[in-house]
Amino acid sequence: MAEKIADLGVVGLGTMGAMLALNFAEKGSEVALFNRTPGKAEKLAAENPELAERLHPQTSIEGFVASLRSPRVIVLMVNAGTAVDEQLEVLAPLLDKGDIVIDAGNTDFNDTVVRNRRWDNHGFHFVGMGVSGGELGARHGPSIMVGGDQRVWSRLKPLLEPISAKYDGSPCVAWLGPDGAGHFVKTIHNGIEYADMQMIAEIYSIMRDGMKLSASQMADIFRDWNERGLSSYLIEISATVLAEPDSKSGKPLVDVIVDEAGQKGTGRWSVIEAQKLGIGATTLEAAVSARSLSSLRKERLVTGKIYYDIILTDGAFGADQASVAELEAALETAKIIAYAQGYAIMSAASREYNWDLPLGEIARIWRAGCIIRSVFLKDITQAYETGGEVVNLLQEHSFAKRVSEGQHALRSVVAKAVNAGIPVPALSASLAYFDDYRRERGSANLIQGQRDLFGAHTFRRLDSDGTFHHQWPAV
Ligand code: 6PG
């Protein structure tokens, strides 16, 4: 029988798993390591001699499990999907009642709900946990979104708090709700991440094509914005990317990078879940669609030749200080609207799945460590934690004031971009969401008339209760 030496174990030592394991060890945990590929666990320990004392590579899964103190805590960092199920099947016969297995990958929350049901009844606890911050975050302090049975939180808290990012000393990790809540919140985090990145790229596109600014001028502008309301990791790294030279071409590196963006699917999931819940999240949808369209580069090159003679007014954007300030205000406003959508999805999911998601707390644990970390998140926490119920962030008075002021800039930027033929799908989706959401009399009355005419779907009247069907003239 192997000696029980480890406080927890990590299975799956790819980049993220390895970084998390090192982070745990650095913060004082004894960490058992296992990877299906032989030698990988030993290599990780050998490459990190300063932490090797607390890293315990194991050559078999049986030895790995036996090396863990009870109740055991195992972190799985394997590819989302069947690899998680395969690993759980292997582990199940080796585990005891009360042990905890954490899936820390970017997993579809629907799978987490199913796995929870299956494994929580088999004696061990299954925890779905969202981890954000990429490789560096995993190594030095990610933002961690924990779901699952609340009773295991007291066991996990002392292990997870030390490895998490800290904002003003407070750990960016929290238990958010039962079963799939942690992975769901991570999915919405990624949907917002897509929206944020897309809107920044659209502003970049206006500065490049409308204002004819150079990459280094744009880097300076983003650096300046990073000092104020837009201050965030994504604005900071945008400045870094824009400022980077390319030694091969002598040009800014950004100018030689192919304009196609990849995606692994979490952004898409956020939009699918929004649709399933009946929540319009138009900015997130636009961002996911824009990524898909970006990857059709070959087709775009052909289409560009078909429509080559469309002449547009590219002089509408000045490159002066006032125009740059207008872009800043537009982006800030559109960002509030995008976050309002992300939060609306989480509110709806919280009701639908009885999760009681702590919406203010979510913004709190996103303030450091994760990809969408920004100063702006503290205002969201404040909005949810002071005053009454917030149905939608756009109704909350401090955001309402900011959006009322900023919408002029957003409108002006979108209008100019549309006239100049510069696509701004996410910025304009934010504006349209805002205009639709604030409109007291919408246009869906006509749609109800159409539905009733062709399908007798009935409609409601403004002046009487009940549902009505009308005998429309034959068409
Ligand atoms: C994070 C990131 C991280 C990663 C995703 C999205 O929070 O650390 O969201 O999880 O960036 O894999 O990647 P795609 O852009 O490939 O969908």
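Residues numbered from 1 in each chain as written. Predicted model: local features only at pLDDT ≥ 70, side-chain atom pairs only at ≥ 80, totals over all residues. Heavy atoms only, no water.

1. Focus: the pattern of salt bridges
Stated formally: Any Lys or Arg side-chain nitrogen located within 4 Å of an Asp or Glu carboxyl oxygen qualifies as a salt bridge. Secondary structure is summarised from DSSP: a helix means a run of H or I of at least four residues, a strand means a run of E of at least two, and numbering begins at the N terminus for each. Each residue is assigned to one of three classes by its accessible area relative to the maximum for its type, calculated with a 1.4 Å probe on protein chains only: buried under 20%, partly exposed between the two thresholds, exposed over 50%.
By the definition in use, this model includes 30 salt bridges. The residue Arg-139 makes a salt bridge to Glu-26 at a minimum N-O spacing of 3.1 Å. Placement of Arg-139 in helix H6 (residues 134–140) and of Glu-26 in helix H1 (residues 15–26) is noted, with a sequence separation of 113 residues between them. Judged by its relative accessible area of 11%, Arg-139 is buried. We classify Glu-26 as partly exposed; its relative accessible area is 35%. Residue Asp-259 is joined to Arg-297 by a salt bridge in which the shortest nitrogen-to-oxygen separation is 3.1 Å. Here Asp-259, found in the loop between helix H10 (233–243) and helix H11 (266–276), pairs with Arg-297, found in helix H13 (residues 297–306); they are 38 residues apart in sequence, far enough to count as distant. The class for Asp-259 is partly exposed, based on a relative accessible area of 42%.

2. Concerning the domain arrangement of the chain
Stated precisely, the cut-off is as follows: What counts as a domain boundary in this text is fixed by an automatic or database domain assignment.
Taken as a whole, the chain is organised into domain 1 (8–179), domain 2 (187–438) and domain 3 (446–475). The C-alpha-based centres of domain 2 and domain 3 are spaced at 38 Å.

3. Focus: the site of the ligand
Rules: Nearness is defined per residue: one heavy atom within 4 Å of the molecule or strand is enough. Counted as a polar contact is a pair of N or O atoms within 3.5 Å, where, for protein atoms, one must be capable of donating a hydrogen and the other of accepting one, and residues adjacent in sequence contribute only when both atoms are in side chains. Throughout, the Shrake-Rupley method with a 1.4 Å probe supplies accessible areas, and for residues the shown protein chains are the sole cover considered. Definitions used for this entry: grid spacing 1 Å over protein atoms alone; cavity, a set of points where a 1.4 Å probe fits but cannot get out; pocket, an open set with protein on both sides within 12 Å along at least 5 of 7 lines; lining residue, one with an atom within 4 Å of a point. In this description, a molecule resides in a pocket or cavity if more than half of its atoms sit within 2 Å of the grid points defining it. Nonpolar residues are Ala, Val, Leu, Ile, Met, Phe, Trp, Tyr, Cys and Pro. Charged residues are Asp, Glu, Lys and Arg, and all others, Gly as well, are polar.
Around the ligand sit 15 residues, and of these Asn-106, Ser-132, Glu-193, Tyr-194 and Arg-291 come closest. In the environment of the ligand, an oxygen atom lies 2.8 Å from a nitrogen or oxygen atom belonging to the side chain of Asn-106. Residue Asn-190 places a side-chain N or O atom 3.0 Å away from an oxygen atom belonging to the ligand. Starting from 410 Å² of accessible surface for the ligand in isolation, the protein chains cover 82%. The pocket occupied by the ligand, as judged from atoms lying within 2 Å of grid points, is the second largest pocket. The element best represented in the shell around the ligand is helix H8 (residues 181–210), accounting for 5 residues. Looking at side-chain class alone, the shell around the ligand contains 2 nonpolar, 9 polar and 4 charged residues. In terms of domain composition, the shell around the ligand takes at least three residues from each of domain 1 (8–179) and domain 2 (187–438).

4. Topic: the state of the cysteines
Let me state the cut-off plainly: Any cysteine sulfur atom paired with another within 2.5 Å is treated as part of a disulfide.
One pass over the structure, following the stated rule, counts 0 disulfides. With no disulfide of its own, Cys-172 lies 7.6 Å from the sulfur of Cys-370, the closest cysteine sulfur. Given the relative accessible area of 1%, Cys-172 is considered buried. Take Cys-370: its relative accessible area is 0%, and that puts it in the buried class.

5. Some points on the nonpolar core
Inclusion rule: Nonpolar cores are built from buried Ala, Val, Leu, Ile, Met, Phe, Trp, Tyr and Cys residues. Side-chain atoms within 4.5 Å join them into one set. Note on contacts: a residue pair qualifies if any of its non-hydrogen atoms lie within 4.5 Å across the two residues.
Ranked by size, the top nonpolar core spans 95 residues in total, and within it Tyr-343, Met-346, Trp-366 and Ile-380 carry the most contacts. Ranked by residue count, the leading element in this core is helix H14 (residues 321–352), at 16 residues. Composition of this core by domain shows at least three residues from each of domain 1 (8–179) and domain 2 (187–438). Once residues lying within four places of it in the same chain are set aside, the contact partners of Met-346 are Phe-184, Val-185, Ile-188, Leu-357, Leu-359, Ile-362 and Trp-366.

6. Concerning the side chain of Asn-190
Structurally, Asn-190 can be placed in helix H8. Here Asn-190 is in contact with Asn-106, Thr-266 and Gly-267, once residues within four sequence places are set aside.

7. Some thoughts on the sheet that holds strand S2 (residues 31–34)
Just so we agree on the cut-off: Strands pair, by our definition, only if DSSP identifies at least two bridges between them. As a rule, the C-alpha atoms of each element are fitted with a line to give its axis, helices using only the stretch in contact, and angles between N-to-C directions run from 0 to 180 degrees.
Pairing is mixed in the open sheet, where 8 strands are placed in the order S3-S2-S1-S4-S5-S6-S7-S10. The open sheet has two edge strands with one neighbour each: strand S3 (55–57) and strand S10 (173–177). Averaged over all adjacent pairs, the angle separating strand axes in this sheet is 25°, with direction ignored. Strand direction decides the pairing type here: strand S1 (residues 8–11) and strand S4 (residues 73–76), joined by 3 bridges, are parallel. Looking at the pairing, Val-10 lines up with Val-75 of S4.

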